[in-house]
Amino acid sequence: MDVQEKIKQIEAQVESAVQDIKSSKSLLEIKMRFLGKTGEISSLLKNLRDAPAEQRPTMGKVLNAFRQWTEEKFSDIEKRIKKIELDKKYSQEKLDVTVPGTILPDGAYHPNTLIREELVSVFAGMGFEIFEGPEIENDYYNFTALNTPADHPARDMQDTFYLSADLLLRTQTSAGQIRVMENKKPPIKILSPGKVYRSDDDATHSPMFSQMEGLVVDKGITLCDLKGMLDVFAKKIFGEDVKTRLRPSYFPFTEPSVEVDVSCFECGGKGCRLCKGTGWIEVLGAGMVNRRVLEGCGIDPDEYTGFAFGMGIERIAMLKYGINNMKLLFEGDTRFLKQFKD
Ligand code: PHE
């Protein structure tokens, strides 16, 4: 068949095939059928080699012109299809900025965090600085330097998790007192919040809980300073009408030692379930820093005196928020936690 004839035939095929083009995918398929490496037009061009030499230039021209015509045809269609497809995509992806968004449930601060931050801000207002000691302590800082040598009966007051003969999980933030006094000369005024560990587990005790330690060392510090400062603390945390009282107690690292009660903020001191009818609630342990502890840290007890106090953060949170089981503070149940949203 003569080339002109063949071209006409293919041209008709192209015209009819392009009618079927509905997408970029079908465009590519149909385009390949004619212009691909093994496509109809490419084969025609290949056959040119077998044509008589004198016909080749004219045939070549005609064939190339035909190929160009086909290419332009497809490129026009391609432009049209691309535009249609893009318009379709845009209309599908149209964003209605007036549609209400998905509201993600937001969290709330844990009651422990709330109390810790409140305590920190009360004491920071009185000029205390924060010191955070390590949770893994050695025997010296947790006990010995706090006037509690190995054979001391007071070691039984706290059931200790030992990691080795010398290392343990600190049972009290009091360990931080020693770390501070060893490194800093008075005046000292630090607040030390942190986790502590004891092998203890019931409704009001957990193997891990948090304490807040306070330590003040300077010339002329007395038990009155401690009492005055605790009065301010109790009023700020539990309410303006709350009173404090000191009861004699015992800690190896303080002398004298006291237990601090606040008047019941629930019943005003008349007696209720919270204060077990006594009108008072125990909130912390405290005392004047024992001379032996000061001496051990290289501080002259004839020149300087100090007081220390330590409280359980969970206990304060439970009292303040009326939480009756400590486990609630560790379960992470959002129904419980979201009640503390401000
Ligand atoms: N460390 C004591 C305890 O955990 C509390 C305390 C701290 C007592 C500081 C006196 C002074 O029970």
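Residues numbered from 1 in each chain as written. Predicted model: local features only at pLDDT ≥ 70, side-chain atom pairs only at ≥ 80, totals over all residues. Heavy atoms only, no water.

A. Inspection of the site of the ligand at higher detail. Neighbouring the ligand are 15 residues; Gln172, Ser174, Arg198, Gln211 and Glu213 lie closest to it. For the ligand, a nitrogen atom lies 2.9 Å from a polar atom in the side chain of Gln172. Element by element, the count of residues in the shell around the ligand is highest for strand S9 (residues 305–312), at 3 residues. Tallied by class, residues from the shell around the ligand come to 5 nonpolar, 8 polar and 2 charged. (Near = heavy atom within 4 Å. Polar contact = N/O pair within 3.5 Å; in protein donor to acceptor, adjacent residues only side chain to side chain. Helix = DSSP H or I, 4+ residues; strand = E, 2+ residues; numbered from the N terminus. Nonpolar A, V, L, I, M, F, W, Y, C, P; charged D, E, K, R; others polar.)

B. Seen up close, the packing of aromatic side chains. Scanning the entire structure with this criterion turns up 11 aromatic pairs. When the centroid spacing of 5.4 Å and the interplanar angle of 80° are considered together, the rings of Tyr140 and Tyr141 count as edge-to-face. Above the plane of the ring of Tyr141 lies Arg179, whose end atom (NZ or CZ) is 3.9 Å from the centre. (Phe/Tyr/Trp six-rings, centres within 6.5 Å; stacked < 30°, edge-to-face > 60°. Lys NZ or Arg CZ within 6 Å of the ring centre and 35° of its normal.)

C. Main features of the nonpolar core. Membership of the largest hydrophobic core comes to 36 residues, with the highest contact counts inside it found for Leu119, Phe123, Phe233, Val283, Leu284, Phe309 and Met311. Taken together, the elements giving at least two residues each to this core come down to helix H5 (111–124), strand S5 (208–218), helix H8 (223–238), strand S7 (254–263), strand S8 (280–289), S9 and helix H10 (313–321). At 7 residues, H8 tops the list of elements feeding residues into this core. (Core = buried A, V, L, I, M, F, W, Y, C linked by side-chain atoms within 4.5 Å. Buried < 20%, exposed > 50% of the residue type's maximum accessible area, 1.4 Å probe, protein only.)

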